[in-house]
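Here is how the chains run, residue by residue.
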Amino acid sequence: MRVRHLQTHLQDQGLVNSSKLNELRGVHVGVDAVFWLRSIQALKDPFADALGGIPPGIFGFVDKELDSFKEYGITPLFIFQGVAPGPQHSMFANRMDQQMDMAWNHLARGEKSLAQKCFAVSTSRINGDFVYFIFHHLRHRGYECIQAPYFAGAQLAHFAEQGVVQTIFGPPGLLLYGVKSVVIMLNFGQQHFDWVDLDSVLSKWQLSWDEFVDACMLAGTEYCLTYPYLNLRDFQPQQARFNFDAAVYIIKQSPLINWMQAFPTDDMKNDHVDGYCICKVLVQNSPIYHLSDVSIRPLGATSKTPSTTVPEVPTDFSSIMGSKLPPSLYYLMLHGIISHKLPQALAKGEWTDKSQPLVDTNEFRTLLKDLEDYRKVALGLIAQYLHPSFHKKQILCKAYWEHNSIRQALSTDPKLPEGARVIQPEITKGLRWKISGSAVKKEMQRQGVTKVDFKFCLNWHAYEFENDGPLLRGINEVGPCTFDSDLHSLSALVHFMLLEKLDFISPEDGNATVLSDLLKETPANLTEPCLTALELMKFGRLDGEPFETAQPEKPFPEDVKYPVAANLSQAERDAKCGKLLLCRVMSLVPMKLRHVMWDSDVDFDLAAFHSLVRSLKRTLRQMVEGILAHVLLKDLSNVKILPKGFMCTSPLKDSWPQTPAELPAFMLPRACMGIVVKYFLEYKGSDLETFKVDLGKRFPCCWQPIEDMKLAFTFWQDLRRCMDKIAEDLGESDLGEDMRKASEILEAQRKRLNL
């Protein structure tokens, strides 16, 4: 839990201690994973969000940090956040529209360093996708990782009290849970660490632990607002900013309950008191994984709470935390089999899209609504094996753009505000896949492959269909899917179920579809980009049309001079939209990048496009999680089949772009390839060797830009093949015609540069 200006005040008061890193040698340290990631300066690439959400050096920078843990003999236990209620207030908002507009205007004027500064303060580099990929990377590297059932901080406090870890690395707000000391900074370069001791803090400020907690709440957290009078000059003499000392001062004058009586209006009082109550309950009763009886229940007593006074759990606790989930689902969460989003929606009855994209477009908002169908499927796959109360759970969708009345509403409210979007888990009869280990092994030998993936499954499906093979026999029978308890069988089942849910295999009879016939002919290293493109096409989001601003009264940044479709002549439209389409499509192909910051061009249109790609891929990943949970909930012993890196997307050292992932992880491709292609299309020279030199200078982060660009050209041609076939079979020719015109632009430039 973050507390306003607590760390600054601790430093000002001389309460932050510094020690040599060698003192942590041999120590088992519990690590708040997100806090640790935020502390790695190299990960703070200001252009990460504009590239699609993931910095180029993500795994290299993290590995360097892990090597430092190893060098100093520190054994980390990484704890990731689980089903934690979202922040109640915007005091920690990580997005500033004005700063983002300034960033794009600076870029348009060629002021890159100023743009980077604006991006740095207006974007969150450590986002949900980033954290997901790092979790599985750490597990693949053999590190201990746990996804807490709810709050990472409460789980760390419990592990510290139980002696599982000897100290904790995280924010100073962990002191709220009564932990004796917290390491708040590890500086491997200067070989020291900073830490805070709770007893020293309480002694210097002359507070009891309860008073300290109350002072922190008055100062403000993400769950309760700053006590309004603390922002007045009377409490901040000669201070240019808020000072935590004011909260300490007033809590020593009178208990928290007394200060709750003094508010200018009843509305303000209700808002603040409700926040303080929620915050206090979360500090005292956050549910955790208890080691003593292997159960998920409230934290209860801490090291600072007398054993006779365990805090009482309020009767309406579920209104904050949501319904309690079954132990089997918590088990999958703890092991990282499923991330927190789907369980959170089922528990709380809310699906929140709180993060505004870097470029807010009408197309992005429409896609989020369209993706609700996939979300219902993913939720239904899990809900099917839960208590019947979850089968028709009302889940209120809340997005950043919606009115406050919707964002503050509960799905259980008798009357929801006008325009509220409610979804329910979709539980349907699926195909009955029966996967035998011997059949998978035989088919892998026939195809000459060593890994189960989309191409393997589609080719197997086509072969079995042509030869009336056993894979499709009884596919329409009523009953659960089955598989032999080995990794390849499990992987094949998950792939087939996903292809079915995405309509690449007909859910009616198990037959092939136009899309499956197309995708199986795509080269193996381009299958996922092609699947992504086809999914975007299904949602009507694969074209070269300029994006529309989400709010007509808020146009795109002026200096960007972004085109407006209605203002383009036909010739201008063909040229402009053709280039946009080329860059968007080829940006779906990942590039091999060095472990450095991007520090090159970023593009407004591609940033907008990749906000769509990011949401789509995240949803596809959630469908994979839903399918995997659906399969494993029937028999949790099958969890042991999965290797540590079953969703790890970090490229294998000598086999780029191969990854250890056994299931579709839908790694974000970043917009880099599209940016490089745009540079190629706009290049004025005609000498290939000069172009190669200029390309290397312009994009130092790219390891092999020419080879990657050639692969992108191959992908473009393959997608053209798909679109031509779709136009022939289904009569949808608009995109095919747009791609034909765009290909003329591409081929003319390739011919001019002899590439």
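The model shown is predicted, which means the values in this text are computed figures rather than measured ones.

Peer 1: Would you mind showing me how to read the packing of helix H10 (residues 209-219) against helix H11 (residues 245-253) here?
Peer 2: Helix packing for two helices is described by the angle between their axes and how far apart those axes are. In the contact formed by H10 and H11, the axes pass within 8 Å of each other and the chain directions differ by 130°. The orientation of H10 with respect to H11, classified from their angle, is oblique. For the pair H10 and H11, the sense of crossing is right-handed. Residues Glu-211, Asp-214, Ala-215, Leu-218 and Ala-219 of H10 form the contact with H11, whose participating residues are Ala-247, Val-248, Ile-250 and Ile-251.

Peer 1: For this particular structure, what's the right way to read the pattern of salt bridges?
Peer 2: Side chains that differ in sign of charge can pair as their charged atoms come close. Enumeration according to the criterion identifies 42 salt bridges in this entry. Between Asp-129 and Arg-621 there is a salt bridge whose closest N-O contact spans 2.5 Å. With Asp-129 in helix H7 (residues 128-140) and Arg-621 in helix H26 (residues 604-632), this pair connects stretches of sequence that are 492 residues apart. There is no split in this pair, since Asp-129 and Arg-621 are both buried. Its salt-bridge partner being Glu-477, residue Lys-434 comes within 3.4 Å of it at the nearest N-O pair. Here Lys-434, found in strand E13 (residues 434-435), pairs with Glu-477, found in the loop between helix H21 (454-466) and strand E14 (482-483); they are 43 residues apart in sequence, far enough to count as distant. Among the residues examined, Glu-477 registers a relative accessible area of 36% and is labelled partly exposed. Overlapping salt bridges, with partners in common, bring together Asp-49, Asp-129, Arg-614, Arg-618 and Arg-621 in one network.

Peer 1: Would you take a moment to explain the environment of Asp-274 for this structure?
Peer 2: Considering the arrangement of structural elements, one finds Asp-274 in helix H13 (residues 266-285). Spatially, the C-alpha atoms of Asp-274 and Ala-712 are 54 Å apart, while their sequence positions differ by 438 residues.

Peer 1: Can you help me understand unusual backbone geometry in this one?
Peer 2: In the segment running from Trp-656 into Pro-657, the intervening peptide bond is cis, with an omega of 5°. Looking at where Pro-657 falls in the secondary structure, it is placed in the loop between H26 and helix H27 (672-682). In the Ramachandran plot, His-5 falls in the positive-phi region, its phi being about 60° despite a non-glycine side chain. Note on placement: His-5 falls in the segment before helix H1 (6-12).

Peer 1: So what exactly am I meant to see when it comes to a negative patch on the surface here?
Peer 2: Together, Asp-266, Asp-267, Asp-271 and Asp-274 make up a region of like negative charge exposed at the surface. Here Asp-267 lies in helix H13. The class of Asp-267 is exposed, set by a relative accessible area of 64%.

Peer 1: Would you explain helix H29 (residues 705-730) in this entry?
Peer 2: Because each turn of an α-helix spans 3.6 residues, side chains separated by three or four positions in sequence point in the same direction. Over its 26 residues, H29 extends 36 Å from the first C-alpha to the last, a length consistent with the 38 Å expected when each residue adds 1.5 Å. At the exit of H29 stands Gly-731, carrying a positive phi of roughly 75°.

Peer 1: Would you mind going over the packing of aromatic side chains with me for this structure?
Peer 2: The geometry of an aromatic ring pair is captured by the separation of the ring centres together with the interplanar angle, meaning the angle of the planes. For the coordinates displayed, the defined rule picks out 36 aromatic pairs. Measuring from centroid to centroid gives 5.5 Å for Phe-35 and Phe-169, while their planes differ by 80°, and the two rings are edge-to-face. With Phe-35 in helix H2 (residues 33-39) and Phe-169 in strand E5 (residues 167-169), the pair connects residues that are 134 residues apart, well separated along the chain. Classification of Phe-35 by relative accessible area gives buried; the value is 17%. Seen in terms of ring centroids, Phe-80 and Phe-135 are 4.9 Å apart; in terms of plane orientation they differ by 80°. Their pairing is edge-to-face. On the criterion of sequence distance, the pair formed by Phe-80 in strand E3 (residues 75-80) and Phe-135 in helix H7 is long-range, its members being 55 residues apart.

Peer 1: Any chance you could explain the environment of Leu-612 here in plain terms?
Peer 2: Tracing the backbone shows Leu-612 in helix H26. When its relative accessible area of 0% is taken as the criterion, Leu-612 is described as buried. If we skip the residues at most four places from it in the chain, Leu-612 touches Glu-363, Phe-364, Leu-367, Arg-541 and Phe-547.

Peer 1: I tried to follow the nonpolar core on my own but got confused; where do I start?
Peer 2: Looking at soluble globular proteins, one finds that nonpolar side chains tend to be buried together. Counting residues in each nonpolar core, the largest one holds 261 residues, and the members touching the most others are Trp-36, Phe-78, Phe-212, Trp-433, Trp-598, Phe-691 and Met-709. If near-sequence neighbours (up to four positions away) are discounted, Trp-36 is found in contact with Val-31, Val-62, Glu-65, Leu-66, Phe-69, Phe-78, Leu-138 and Phe-169.

Peer 1: Would you mind showing me how to read the side chain of Asp-32 here?
Peer 2: Within the secondary structure, Asp-32 sits in strand E2 (residues 28-32). In this structure Asp-32 is buried but unpaired, with Arg-38 as the nearest side chain of opposite charge at 6.8 Å. Here Asp-32 is in contact with Ile-79, Leu-156, Phe-169, Gly-170 and Pro-171, once residues within four sequence places are set aside.

Peer 1: Just checking my understanding: could you explain the side chain of Arg-375 for this structure?
Peer 2: Residue placement: Arg-375 occurs in helix H18 (residues 372-383). Discounting chain neighbours no more than four positions away, the residues touching Arg-375 are Trp-351, Asp-353, Leu-368, Ile-423 and Thr-619.

Peer 1: Can you help me understand the pairing of E3 in this one?
Peer 2: Of all the six residues making up E3, five are buried; the element is thus mostly covered by neighbouring parts of the structure. With five bridges joining them, E2 and E3 adopt parallel strand pairing. Pairing of Val-29 across the sheet is with Pro-76, part of E3. Alignment of E3 against strand E4 (residues 144-147), held across four bridges, turns out to be parallel. Bridge pairing in E4 links Phe-80 to Gln-147.

Peer 1: Quick question: what am I supposed to make of the environment of Lys-20 here?
Peer 2: Along the chain, the position of Lys-20 falls in strand E1 (residues 16-20). Sequence separation of Lys-20 and Phe-188 is 168 residues, and the distance between their C-alpha atoms is 9.9 Å. Sequence-distant contacts of Lys-20, that is, excluding residues within four places in its chain, are made with Gln-191, His-192 and Phe-193.

Peer 1: Explain the sheet that holds strand E11 (residues 395-399) here, please?
Peer 2: The three strands lie next to each other as E10-E11-E12, forming an open sheet whose pairing is mixed. The sheet terminates laterally at strand E10 (350-353) and strand E12 (421-423), the two strands that pair on one side only. Pairs of neighbouring strands in the sheet enclose a mean axial angle of 30°, with direction left out of account. Two strands pair when backbone bridges link them, and E11 and E12 are joined in this way by three bridges, in the antiparallel orientation. Residue pairing across strands places Ile-395 opposite Ile-423, the latter belonging to E12. Running at roughly 35° to E12, H18 makes contact with E10, E11 and E12 of the sheet.

Cut-offs and rules
- Residues numbered from 1 in each chain as written.
- Predicted model: local features only at pLDDT ≥ 70, side-chain atom pairs only at ≥ 80, totals over all residues.
- Heavy atoms only, no water.
- Axes fitted to C-alpha atoms, helices over the stretch in contact; angles between N-to-C directions.
- Helix = DSSP H or I, 4+ residues; strand = E, 2+ residues; numbered from the N terminus.
- Parallel < 35°, antiparallel > 145°, perpendicular 65-115°, else oblique.
- Left-handed = near helix turned anticlockwise from the far one by under 90°.
- Contact = heavy atoms within 4.5 Å.
- Salt bridge = Lys/Arg side-chain N within 4 Å of Asp/Glu carboxyl O.
- Buried < 20%, exposed > 50% of the residue type's maximum accessible area, 1.4 Å probe, protein only.
- Patch = residues over 30% accessible without salt bridge, like charges linked within 9 Å, V, L, I, M, F, W, Y side chains within 5 Å.
- Areas by Shrake-Rupley, 256 points an atom, 1.4 Å probe, with all protein chains shown as cover.
- Lys, Arg positive; Asp, Glu negative; His and termini not counted.
- Charge placed at Lys NZ, Arg CZ, Asp CG, Glu CD.
- Expected span 1.5 Å × (residues − 1).
- Phe/Tyr/Trp six-rings, centres within 6.5 Å; stacked < 30°, edge-to-face > 60°.
- Core = buried A, V, L, I, M, F, W, Y, C linked by side-chain atoms within 4.5 Å.
- Pairing = 2+ DSSP bridges.

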